[in-house]
Amino acid sequence: AGGGAAAGETKAIPNLYPGTQAWWPVDDELPDAAAAAAAAAAASSRGGGGVPTMAGYKAPFDHSGAPPPAHRLEGVKLEKSNILLCGPTGSGKTLLAQTLAQFVNVPIVIADATTLTQAGYVGEDVESLLYKLLQAANFDLAAAQRGIVYIDEIDKLSRKSENVSITRDVSGEGVQQALLKMVEGTVVNVPEKGGRKNPRGEFVQVDTTDILFICGGAFSGLDQHISARLDAGVGSIGFGAIVKEQDPNNAVKEKAAKMGFKRATSTSSDGSVADDDGSEARRALSDAALMEVESTDMVTYGLIPEFVGRFPITVPLSSLGEDELVQVLMGPHNAVGRQYQRLMAMHGVSLEFTDGALRAVARAALKRGTGARGLRTLIEKLLTDVMYEVPDDPDVVGVMVCEESVRRGLQRGFNKAMAAAGNGGSEGEEGIVFTGGARLLYRDGRGVNGGAAAAGGVADAAAAADAAADDDFPRAASL
């Protein structure tokens with residue numbers, strides 16, 4: 001370095017960065033070739049390999065992938081990995097985030113992305129997410145900085161088109177830009193009392209470095225973007241082109257048969273049995289396409305690349321099948337079927353679902369494409385008339401939902417026909433009384449068509465009803 005300075009007559013530089021003195025002269029005129037060679041030799045002697053490097057700097061690890069000693073890994077700081085969930089509606093995205101928060105015992109806030117707007121416009125600012133997290137943590141700042149923020153309906157923030165619009169997209173792309181630094185990790189000034197930022201108000205500084213952000217959305221039509229990307233190299237013109245099937249239903253059925261999916265049937269609106277192997281195959285193919293999702297597909301869908309890059313984990317969720325819907329209907333602690341059983345038990349009446357009825361309800365929910373949310377809609381439709389009949393009829397001791405009652409209850413115009421028949425009920429075979437989408441079991445044995453076991457169950461239910469309340473009073477729930 002000294003030889004280079006003498007040859008080039010450079011000025012003395014404080015030895016703050018000695019590595020730069022050999023290759024960055026102070027004067028505008030560059031040193032001659034001899035000085036340049038001397039500088040390169042000096043840099044090579046310091047281990048720079050001829051490349052200018054900062055003197056004294058040494059990387060903590062080498063470039064090999066071999067694991068270093070354990071004591072050297074103790075100083076490595078662990079960073080979070082934000083998660084992006086994509087899946088059809090009713091597949092359990094929100095429930096998955098709630099269960100994760102309960103499992104690790106951290107505060108969680110579930111927010112809706114559709115209410116967020118860019119700063120300065122009508123709507124909620126992105127800082128409101130952190131204020132809600134503080135509320136969930138009882139304003140414990142340390143606990144809130146280790147919490148989870150779940151932003152639902154993130155797909156509604158996608159850009160409407162690829163073209164740049166003259167007007168600003170304050171509720172879409174503008175919100176994505178406002179979330180960038182918060183999602184990555186920074187110190188955000190959150191209003192102490194919530195609401196809009198006031199320059200004269202008090203703020204709470206929240207560090208989002210360790211806050212896990214989970215975004216979820218249905219991303220309707222994303223499977224088509226993925227399929228287009230996968231089929232980008234397949235031509236339809238020329239030799240060796242793949243000729244597409246003219247009938248899309250047959251093509252889907254053939255793919256479903258190759259993938260090993262079974263044929264599914266369900267009850268149509270007119271009571272006939274409909275063939276749903278085509279719809280089942282479409283659902284299976286859509287799930288298979290979502291399994292191949294990549295960041296480029298999210299960008300094509302309408303999310304900006306900067307936002308997608310801050311979510312390194314993309315988790316595709318498959319739609320729920322018939323077996324999963326049956327489990328959701330009766331399995332969880334707060335299952336929909338158990339809620340209605342408790343509601344009937346408050347009136348002293350037992351409610352039973354047969355296996356065929358559970359399968360029929362699950363197939364109907366699959367046909368509607370609403371996932372687990374559609375189960376409550378169907379059960380409500382089947383038991384609405386029963387919930388009006390049971391409190392006013394003391395002779396009813398049980399309600400049974402069977403496959404035949406589900407078929408009758410889901411028929412189009414069935415409720416109008418029952419209303420015309422009177423009392424909302426219909427006499428079936430062997431004295432079975434159908435009300436809405438269920439069978440009523442009476443104290444005297446009417447409505448029983450299941451053998452001795454069913455008759456014994458009705459007798460037990462009748463005894464329990466007699467012990468619970470007097471028939472002279474209207475049977476209603478008392479709190």
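Undergrad: How should the pattern of salt bridges be read in this particular structure?
TA: When their charged atoms lie close together, side chains carrying opposite charge are able to pair. Applying the stated criterion across every chain, the model contains 13 salt bridges. Note that Lys-156 is salt-bridged to Asp-155, the shortest N-O span being 3.1 Å. Among the ionic pairs, Asp-297 bridges to Arg-229, the shortest N-O distance being 2.7 Å. Here the residue Asp-297 occupies a position in helix α11 (residues 295-301), and Arg-229 occupies one in helix α8 (residues 222-230), the gap between them amounting to 68 residues.

Undergrad: How do you make sense of the pairing of strand β14 (residues 438-442) when you look at a structure like this?
TA: The side chains of a regular strand alternate between the sheet's two faces. Burial within β14 is extensive, with 5 of its 5 residues counted as buried. By the alternation rule, side chains of β14 split into Ala-438, Leu-440 and Tyr-442 and Arg-439 and Leu-441, which are all buried. For strand β11 (residues 396-401) and β14, the ladder comprises 4 bridges, and the chain directions are antiparallel. Residue pairing for β14: Gly-398 is matched across the bridge by Leu-441.

Undergrad: Looking at this structure, how should I read the sheet that holds strand β9 (residues 313-316)?
TA: What the 5 strands build is an open sheet, ordered β2-β3-β6-β1-β9; its pairing is parallel. Where the open sheet ends on each side, the last strands, each with one partner, are β2 (108-112) and β9. Each strand axis lies, on average, 20° off the axis of its neighbour in the sheet, ignoring direction. In terms of strand pairing, strand β1 (residues 83-86) meets β9 through 4 bridges, oriented parallel. The residue of β9 that forms the bridge with Ile-83 is Ile-313. The strands touched by helix α5 (residues 127-136) within the sheet are β2, β3 (148-152) and β6 (212-217), with β2 carrying the most contacts at an inclination of about 145°.

Undergrad: Mind showing me how you'd approach a nonpolar patch on the surface here?
TA: Taken together, the side chains of Phe-61, Leu-73 and Val-76 present a nonpolar region at the surface, about 240 Å² in accessible area. Residue placement: Val-76 occurs in the loop between α3 (33-45) and β1.

Rules and cut-offs
- Residues numbered from 1 in each chain as written.
- Predicted model: local features only at pLDDT ≥ 70, side-chain atom pairs only at ≥ 80, totals over all residues.
- Heavy atoms only, no water.
- Salt bridge = Lys/Arg side-chain N within 4 Å of Asp/Glu carboxyl O.
- Helix = DSSP H or I, 4+ residues; strand = E, 2+ residues; numbered from the N terminus.
- Buried < 20%, exposed > 50% of the residue type's maximum accessible area, 1.4 Å probe, protein only.
- Pairing = 2+ DSSP bridges.
- Axes fitted to C-alpha atoms, helices over the stretch in contact; angles between N-to-C directions.
- Contact = heavy atoms within 4.5 Å.
- Patch = residues over 30% accessible without salt bridge, like charges linked within 9 Å, V, L, I, M, F, W, Y side chains within 5 Å.
- Areas by Shrake-Rupley, 256 points an atom, 1.4 Å probe, with all protein chains shown as cover.

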